[in-house]
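# Observations on chain architecture
Each chain is listed here by its residues.
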Amino acid sequence: MGKTMAEKIFEKKAGRPVRPGDIVVVPVDWAMGQDGTTPLAIQSFEEMNGKSVFRPDRIVFVIDHNAPSPLESVSRLHDLMRSFARKFGIRVFEVGEGVCHELMMSRGLVVPGDLVVGADSHTCTYGAIGAFSTGIGSTELAVVMMTGKLWFKVPESLCIRLSGELPLGVFAKDVILRIAALLGADGATYQAIEFHGPVVERLSVEERATLTNMAVEVGAKAGMVPPDEKTIKWVKERTNRPFEVVLPDPDAVYARTLDIDCSGLVPQVAFPHRVDNVRPITEALGIPIREAFVGTCTNGRITDLEVVAKILRGRKVHPEVRLIVAPASKEAFLVALERGWVRDIVEAGGVFVPPGCGPCVGTHQGIPGDGWNVISTANRNFRGRMGNREASIYLASPATVAASAVEGEIADPRKYLG
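Anyway, here's the lowdown on the structure attached to this text. (Residues numbered from 1 in each chain as written. Predicted model: local features only at pLDDT ≥ 70, side-chain atom pairs only at ≥ 80, totals over all residues. Heavy atoms only, no water.)

### Looking at the pairing of strand β18 (residues 392–395)
The side-chain alternation of β18 yields two buried faces, one formed by Ser392 and Tyr394 and the other by Ile393 and Leu395. As defined by bridge partners, strand β17 (residues 373–376) adjoins β18 across four bridges and the pair is classed as parallel. When the sheet's bridge partners are listed, Val374 is paired in β18 with Ile393. (Buried < 20%, exposed > 50% of the residue type's maximum accessible area, 1.4 Å probe, protein only. Helix = DSSP H or I, 4+ residues; strand = E, 2+ residues; numbered from the N terminus. Pairing = 2+ DSSP bridges.)

### Quick look at the packing of aromatic side chains
Under the criterion given, the structure shown has eight aromatic pairs. Measuring from ring centre to ring centre gives 5.6 Å for Phe45 and Phe88, while their planes differ by 70°; the resulting arrangement is edge-to-face. In this pair, Phe45 sits in helix α2 (residues 38–47) while Phe88 sits in helix α3 (residues 72–88), placing the two residues 43 residues apart along the sequence. Here the aromatic rings of Phe84 and Phe88 are separated by 4.7 Å at their centres, their planes lie at 50°, and the arrangement is tilted. Residue Phe84 and its partner Phe88 are located together in helix α3, separated by four residues, close to a single helical turn. Summarising the burial analysis for this pair, Phe84 and Phe88 share the class buried. What links up through ring pairs into an aromatic cluster is the set Phe45, Phe61, Phe84 and Phe88. Just above the ring of Phe271 sits the side chain of Arg279; from NZ or CZ to the centre is 3.9 Å. (Phe/Tyr/Trp six-rings, centres within 6.5 Å; stacked < 30°, edge-to-face > 60°. Lys NZ or Arg CZ within 6 Å of the ring centre and 35° of its normal.)

### Re the sheet that holds strand β10 (residues 222–224)
Ordered by their spatial adjacency, four strands build an open sheet running β10-β9-β8-β11, and the pairing between neighbours is parallel. Looking at strand neighbours, the two that pair on one side only are β10 and β11 (256–261), the edges of this open sheet. Taken pair by pair, the neighbouring strands of this sheet meet at an average axis angle of 20°, ignoring direction. In this fold helix α6 (residues 172–183) packs onto β8 (156–163), β9 (191–196) and β11, with an angle of close to 125° to the strand it touches most, β8. (Axes fitted to C-alpha atoms, helices over the stretch in contact; angles between N-to-C directions. Contact = heavy atoms within 4.5 Å.)

### Concerning the packing of α2 against helix α5 (residues 138–147)
At a closest axis distance of 8 Å, the pairing of α2 and α5 adopts a crossing angle of 60°. On the basis of the axis angle, α2 is oblique to α5. You can see that α2 and α5 cross each other, and the crossing is right-handed. Contact residues: Thr38, Leu40, Ala41, Ser44 and Phe45 in α2; Ser138, Thr139, Leu141, Ala142, Met145 and Met146 in α5. (Parallel < 35°, antiparallel > 145°, perpendicular 65-115°, else oblique. Left-handed = near helix turned anticlockwise from the far one by under 90°.)

Below is the structure:
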């Protein structure tokens, strides 16, 4: 029987045939830790009496979750990461470089066919370029730093075929929110999702990353897009690392196949306090908002900033709304600056925070007030996610967030994009 992408990557790493459900211990190509998890990994490393790091050139630390540091206790943790990295020769992406997941891709570290782990649940993002990437715990990161290997259960795969064409004002974020509604928050538990179909083929690599980023929000172990010429060109523009594209066999066996015609899709909104509590924009219109947030590893990239600037150009953010923008990377911010999008957004009343996670994690830079409704491009909206359990978070595309910031209530972006 034919093999899926996940099965092929694990076979390559294991050096033997594998089937879903098999337990394998395999080498990983990259390990990543961010400032919310790495200090715990360092503690575990020391408790296990770690003396050396296996391949420090394939380990990356990123300071992005609490950056710049909001507290002296956090500053101590950042310094712990820096000290450990200096001792063992590990690369550190510093404050202001951007979100870990964006950097792992855009800086040319991960390539198609890689097996990547990261101490962050949204490590699954890198499947946008055909890697198998998944989140792990801090103790597991410590083990990988010591040995370069980790155990996995080879996952079953779920095939999602996206047909038709995306209508005006409908984006990859709307697609993945619709998928969350159809599957539920645990509908793909420990499966590898493969995204196929003409809609996926027309998406940019950055937009594909929105799909794979939120695979974990339906319980998936990984989200993957088969690499094509667009992928190969994008990767080669960023790295000289050789790589071998891994594609599923035509007769690959999937646990399930889900076919979705996107031609009739409308903008989607995830209501509090579940990512799968998704409704069409018509059921959200008029809900007042106090904060609008654009950014995160889901939607802080160049294409996202572009559509926000397009909607805000010549308009003003509603006086009752705080619009906060966190670019996914320094490079995305510089492009937005050079193309005039930063001016468009700032003149409209938006506020930029440093490239990084921003308000998403709820530790600083935009914690909402009691009773506030927030509309966000992030990937999670459980109670307290942004730092206040008395606030309510709605998830939507950057276009919907920008339109809502203008109107002071959840609004349909299509009227601004015609």
